Amino acid sequence: MKGFIQGLARGRPVLVAGGILLTSVVAWSLALAGAWFTWDVTMRLPGRDAISGIGDMAQATTIFDRRGEPIFTIFKEQRIEFPVEKLAPILKQAVVAIEDQRFYEHRGVDVVRVAGAMLANLQSGRRSQGGSTITQQLARQSFLTRDKTYRRKLKEVLLAAQIEHSFTKDEILGLYLNKVYFGDGFHGIEAAARGYFGKSASEVSLDEAAMLAGLIQSPSNYMPTEHPQRALARRGTVLAAMRSSGVIDDAAFAAAKDAPLVLRNGLQRDEDFGLYYKEQVRRELVDRFGWDRVSQGGLRVFAAIDADVQREVERSIEQELARIEARRGFPHATRAALGPPARDQAPDYLQASAVVIDPTSGQVLALAGGRDFKESRFNRAFQARRQPGSAFKPIVYAQAMEEGLSPATVLTGLDDAILTPDGTWMPEDEHSSATSMTLRTALRTSSNRAAVKLIRDVGIERTIELVKRMRLGDLPAVPSIALGAGEVTLASLTSAYAAFANGGFVRSPVLVMRVEDADGQVLFQDEGAPQRAISETTSFLVASMLADVINSGTGYRARASGFVLPAGGKTGTTNDYHDVWFVGFTPHVVTGVWIGFDQPRPIMPNGYAGDVAVPLWAAIMKRATAAARPEWVPRPEGLVAIEVCRLSGKRPNEGCAHVEVADDEGNVTVRSMVYTEYFARGKQPEEICPLHDGTSFFEKLAGGFGNDGAPPVVAREAGLPTVLMPPLPVDVAPPAEAPARVEPVAEPSAEAPKKRGFWSKVFGRGKDDDKKKPPQKPPE
């Protein structure tokens, strides 16, 4: 042979050299390929830290209501991690019997099973069987793809060896069962047991355990919810494997095989309410923790939502808006007529939003951002900025109280035009034509001229400072801001009104009270401190004026709708009736509602807030305060209550108790202008009313013959109340801090007797003077 090669070299030297070179290239190529393959398989494997973290799996975040009941979930994979030691033993036996019968004997790779699978594949001519153990499947699910290649298989074997070295057999089985997918959106054995059978994985029966174990091979083919017959056949296969391995006997096999399939989804929560609330919580969680942790971290979120109030808010919105749409003169297509909007198209029907807040804590008890979250995810309570109209006026009046004015302060010169860069301006005012009125009357009647005059008197810049303390955002420093020219969100305005119920403190709305991780470690606790926006005295005085709005002003329909608790609030109607608002409060609940269209247009002719928004507010508040006692905000120290004249704001003269008042129909009655007003101590008036002099006996006598003196006061022009709230039920005691009538400010004689005759003028009122006229609707 040696001689042959030498001879060949002498005769064919080039051929020999080429062969040697080719052999070398092939050898080096094989060596490099082997080295690269070894590097690719070994060096790209997960490290020790990754192996030890194999138990870190995506878990659903659960949101609980204020009573601790789970109501929402946020998840990428619906999984409930469950300790292996609590698993039902029959369930572990079922999984091992069908997936890896020698699980407790091998060290990650079952050589016998691999050999059997290879033989079966050779006989069939294709890869019809696999020999992967539970450990190998865990490695593949955690770190590898499902590609059927020898490279992936070798990686799987190496990883299985590392996993076996790092964990006990029971730990491996627990990791596997918590990670594997069981179909129908259920990841992990506990979610599957609860999702299919409504019970924990520690409580399943033999037939249920076999059903769950059979799903692992191909969940989409064997899901009992989709393919019950296939699922039953697969269950029989698992039971047969269990019998052949000696786990169960023939009797148990027969009983389980014949057991009926009974499914009950214990995880399904029909999240048919509160979806705007859930979405707002999700946004806050993602901002704080990031989407990955929120969707996979198994957080436990404790929200402020009151599920009962939330349901009532959504029911009331749909009911009241349907009533509005059914009114004669409603000029738009109704929601029922329009039907669901096309995908990615905003709905074109009438919308509403509402926020219910605990004024003390700032916790949001309920939230609705629209009529239907599934048709429009836009949150009109937190995201939409609209002009609030007259609902902004209490902020101006609060600044006036801060400047030392009182509810009895008289604004004069209401007909004086305002100079602006564009010329003179006089705001429209349909509520009263009086040239002067007290602040209480001005707010109750929602006088536009008075609001603009007041903001000019107290200072626009000072009012803007209060706006910022109230957390209403950046608003324009112009006179028309007094009429709601700036844009605010419903949530921020409702939170601002909380200052009138909470002694002058405001805080941002709180939806999330506490967040824990899956182990119960507190990650977030709401500890936001309230900020003082106005003094306690100002808070009480404005609250008392806003009580008049509900009792005998533009919000009187709250009483007509059956809401009887002491409360204050303010309507708001924007130009051309595009937006209507009502924000009102009791000492323990503040609620704001808004109604309008996403693309602003008139809701309906004469669509004032008092008619459109107030009934919705009343419906919500009746449920939100169902268990509340009739309390009013406590009167702070340093306030005094004295009687004053309603028209002059001064101490009453004798004539203030007997003033002739003409209604819209020209009927003249005698009414008392005396009522009880609150003042900061030292700010109460000392002057006597100059409008109504004391009347001597001879003046009374002369009046009986037609010398009545000054002409009657026109009720509407003077802004006098025409509707009073009803008294409390006889079995309910009024609050200690409030007058005997539910309204915080006493109204001794608002429903007037008829005009007195001669002898009644001389000697006093007759017995027929107590007859009442039916209440009239106050000016809007």
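Residues numbered from 1 in each chain as written. Predicted model: local features only at pLDDT ≥ 70, side-chain atom pairs only at ≥ 80, totals over all residues. Heavy atoms only, no water.

Draft legend 1. The arrangement of the overall build of the protein in detail. A tally of regular secondary structure across the protein gives 29 helices and 23 strands. Across the 780 residues that make up the protein, the buried fraction comes to 52%. Here the analysis covers contacts within the protein between residues at least 6 apart in sequence; of these, 72% occur between residues at least 24 apart. As presented, the protein carries roughly 35700 Å² of accessible surface, and 52% of it is formed by carbon and sulfur atoms. (Helix = DSSP H or I, 4+ residues; strand = E, 2+ residues; numbered from the N terminus. Buried < 20%, exposed > 50% of the residue type's maximum accessible area, 1.4 Å probe, protein only. Contact = heavy atoms within 4.5 Å. Areas by Shrake-Rupley, 256 points an atom, 1.4 Å probe, with all protein chains shown as cover.)

Draft legend 2. Molecular detail of the sheet that holds strand 7 (residues 364-368). Across the sheet, 5 strands lie side by side as 7-6-18-17-16; this open sheet has antiparallel pairing. Edge positions in the sheet fall to strand 7 and strand 16 (568-573), since each of these pairs with one other strand and no more. With strand direction ignored, the average angle separating the axes of adjacent strands in the sheet is 5 degrees. Of the strand pairs in this sheet, strand 6 (residues 351-357) and strand 18 (residues 590-596) are connected by 7 bridges, and their pairing is antiparallel. Bridging across to strand 18, Gln-351 finds its partner in Gly-596. Strands strand 6, strand 16, strand 17 (579-585) and strand 18 of the sheet are contacted by helix 26 (residues 614-624), whose axis makes an angle of about 145 degrees with strand 18. (Pairing = 2+ DSSP bridges. Axes fitted to C-alpha atoms, helices over the stretch in contact; angles between N-to-C directions.)

Draft legend 3. Spotlight on the packing of aromatic side chains. Evaluation of the coordinates by the stated rule reveals 13 aromatic pairs. Ring plane angle 85 degrees and centroid distance 5.2 Å describe the contact between Tyr-577 and Tyr-608, whose orientation is recorded as edge-to-face. Of the two residues, Tyr-577 sits in the loop between strand 16 and strand 17 while Tyr-608 sits in the loop between strand 18 and helix 25 (609-612), which places them 31 residues apart along the sequence. Overall, Tyr-608 belongs to the buried group, its relative accessible area being 16%. Considering the side-chain rings of Phe-585 and Trp-632, the 6.1 Å spacing of their centres and the 20 degrees angle between planes classify their relative orientation as stacked. (Phe/Tyr/Trp six-rings, centres within 6.5 Å; stacked < 30°, edge-to-face > 60°.)

Draft legend 4. Spotlight on the side chain of Asn-551. Here Asn-551 shows up in helix 23 (residues 536-552). Taking relative accessible area as the criterion, Asn-551 reaches 1% and is therefore assigned buried. Only 3.0 Å separates the side chain of Asn-551 from the side chain of Arg-559, close enough to count as a polar contact. (Polar contact = N/O pair within 3.5 Å; in protein donor to acceptor, adjacent residues only side chain to side chain.)

Draft legend 5. Quick look at the side chain of Arg-449. Secondary-structure assignment places Arg-449 in helix 20 (residues 448-458). Judged by relative accessible area, Arg-449 falls into the buried class, the value being 7%. In contact with Arg-449, other than residues within four places in its own chain, are Leu-414, Asp-415, Met-426, Pro-427, Asp-429, Ser-432, Ser-433 and Ala-434.

Draft legend 6. Examining the sheet that holds strand 14 (residues 522-525) more closely. Taken in spatial order, the 5 strands line up as 2-1-5-13-14 in an open sheet, and their pairing is mixed. Whereas interior strands pair on both sides, the edge strands pair on one side only; in this sheet they are strand 2 (70-74) and strand 14. For this sheet, the mean angle separating the axes of adjacent strands, direction not counted, is 20 degrees. Looking at chain direction, strand 13 (residues 512-516) and strand 14 are connected through 3 bridges and run antiparallel. When the sheet's bridge partners are listed, Glu-516 is paired in strand 14 with Val-522. Packing of helix 14 (residues 275-289) onto the sheet brings it into contact with strand 1 (61-64), strand 2, strand 5 (300-303), strand 13 and strand 14, and relative to strand 2 it is tilted by some 50 degrees.

Draft legend 7. Structural context of the packing of helix 18 (residues 393-402) against helix 23. Axis separation between helix 18 and helix 23 bottoms out at 9 Å; the angle between their running directions is 135 degrees. Here helix 23 runs oblique to helix 18, going by the angle between their axes. Two packed elements cross with a definite hand, and for helix 18 against helix 23 that hand is right-handed. Residues Pro-394, Tyr-397, Ala-398, Met-401 and Glu-402 of helix 18 form the contact with helix 23, whose participating residues are Thr-538, Leu-541, Val-542, Met-545 and Leu-546. Class assignment of the residues belonging to the contact of helix 18 with helix 23 gives a composition of 8 nonpolar, 1 polar and 1 charged. (Parallel < 35°, antiparallel > 145°, perpendicular 65-115°, else oblique. Left-handed = near helix turned anticlockwise from the far one by under 90°. Nonpolar A, V, L, I, M, F, W, Y, C, P; charged D, E, K, R; others polar.)

Draft legend 8. Region of interest: helix 4 (residues 89-99). Among the 11 residues in helix 4, 8 count as buried, and that is most of the element. Here helix 4 has its buried residues at Leu-91, Lys-92, Ala-94, Val-95, Val-96, Ala-97, Ile-98 and Glu-99.

Draft legend 9. Region of the structure containing the environment of Ser-672. Among the structural elements, Ser-672 can be located in the loop between strand 21 (668-671) and strand 22 (674-680). Looking at Ser-672, the relative accessible area reads 12%, which means it is buried. Note: C-alpha distance between Ser-672 and His-658 (14 residues apart in sequence) is 5.3 Å. A polar contact is formed between the side chain of Ser-672 and the backbone nitrogen of Val-674, at a distance of 3.1 Å.

Draft legend 10. Broad picture of the environment of Glu-314. Mapped onto the fold, Glu-314 is located in helix 16 (residues 307-325). Residue Glu-314 is classed as partly exposed on the basis of its relative accessible area, which comes to 26%. Apart from residues lying up to four places away in sequence, Glu-314 is in contact with Asp-272, Phe-273, Gly-274 and Leu-275.

Draft legend 11. Region of the structure containing the nonpolar core. Within the largest apolar cluster, 84 residues are counted, with the highest numbers of intra-cluster contacts made by Tyr-277, Met-470, Leu-472, Tyr-497, Phe-500 and Phe-585. Broken down by element, this core gets its largest block of residues, 9 residues, from helix 22 (residues 490-501). Counting residues in each nonpolar core, the second largest holds 52 residues, with Ala-213, Ile-216, Val-238 and Leu-267 among its members. (Core = buried A, V, L, I, M, F, W, Y, C linked by side-chain atoms within 4.5 Å.)

Draft legend 12. The packing of helix 4 against helix 10 (residues 206-215), seen in detail. Where helix 4 contacts helix 10, the two axes come as close as 9 Å, and the packing angle between them is 40 degrees. Put simply, helix 4 runs oblique to helix 10. Crossing of helix 4 over helix 10 shows right-handed handedness. Residues Ile-90, Leu-91, Ala-94, Val-95, Ile-98 and Glu-99 of helix 4 pack against Leu-206, Ala-209, Ala-210, Leu-212 and Ala-213 of helix 10.

Draft legend 13. Here's a closer look at the pairing of strand 16. With 5 of 6 residues buried, strand 16 lies mostly within the body of the structure. The pairing of strand 16 with strand 17 spans 6 bridges and is antiparallel. Counterpart to Gly-569 in the pairing with strand 17 is Gly-584. Two successive antiparallel strands, strand 16 and strand 17, enclose a turn made up of 5 residues, where Asp-576 displays a positive phi of approximately 60 degrees.

Draft legend 14. Seen up close, the pattern of salt bridges. What the rule picks out here adds up to 33 salt bridges. In this structure, Arg-194 engages Glu-190 in a salt bridge whose closest nitrogen and oxygen atoms are separated by 2.6 Å. In this pair, Arg-194 and Glu-190 both sit in helix 9 (residues 189-197), 4 residues apart, roughly one turn of the helix. Looking at Arg-194, the relative accessible area reads 31%, which means it is partly exposed. The buried category is assigned to Glu-190, whose relative accessible area is 2%. Residue Lys-199 is joined to Glu-208 by a salt bridge in which the shortest nitrogen-to-oxygen separation is 3.1 Å. Because the salt bridges share partners, they merge into one network encompassing Glu-318, Glu-325, Arg-335, Arg-371, Asp-372 and Glu-375. (Salt bridge = Lys/Arg side-chain N within 4 Å of Asp/Glu carboxyl O.)

Draft legend 15. Examining the state of the cysteines more closely. Applying the stated rule across the entire model yields 0 disulfides. The thiol of Cys-656 is unpaired, and the distance to the nearest cysteine sulfur, on Cys-689, comes to 3.5 Å. Assessed through its relative accessible area of 2%, Cys-689 is described here as buried. (Disulfide = S-S within 2.5 Å.)

Draft legend 16. Representation of the pairing of strand 20 (residues 659-662) in the model. Alternating positions in strand 20 separate into two faces, Val-659 and Val-661 on one and Glu-660 and Ala-662 on the other, with burial throughout. The sheet contact formed by strand 20 and strand 21 spans 4 bridges and is antiparallel. Note on strand 21: the bridge partner recorded for Val-659 is Arg-671. As consecutive antiparallel partners, strand 20 and strand 21 are separated by 5 residues, and within that stretch Gly-666 has a phi angle of approximately 90 degrees, a positive value. Sheet topology note: the strand 20/strand 23 (residues 713-714) ladder contains 2 bridges and is parallel. Bridge pairing in strand 23 places Ala-662 opposite Val-714.

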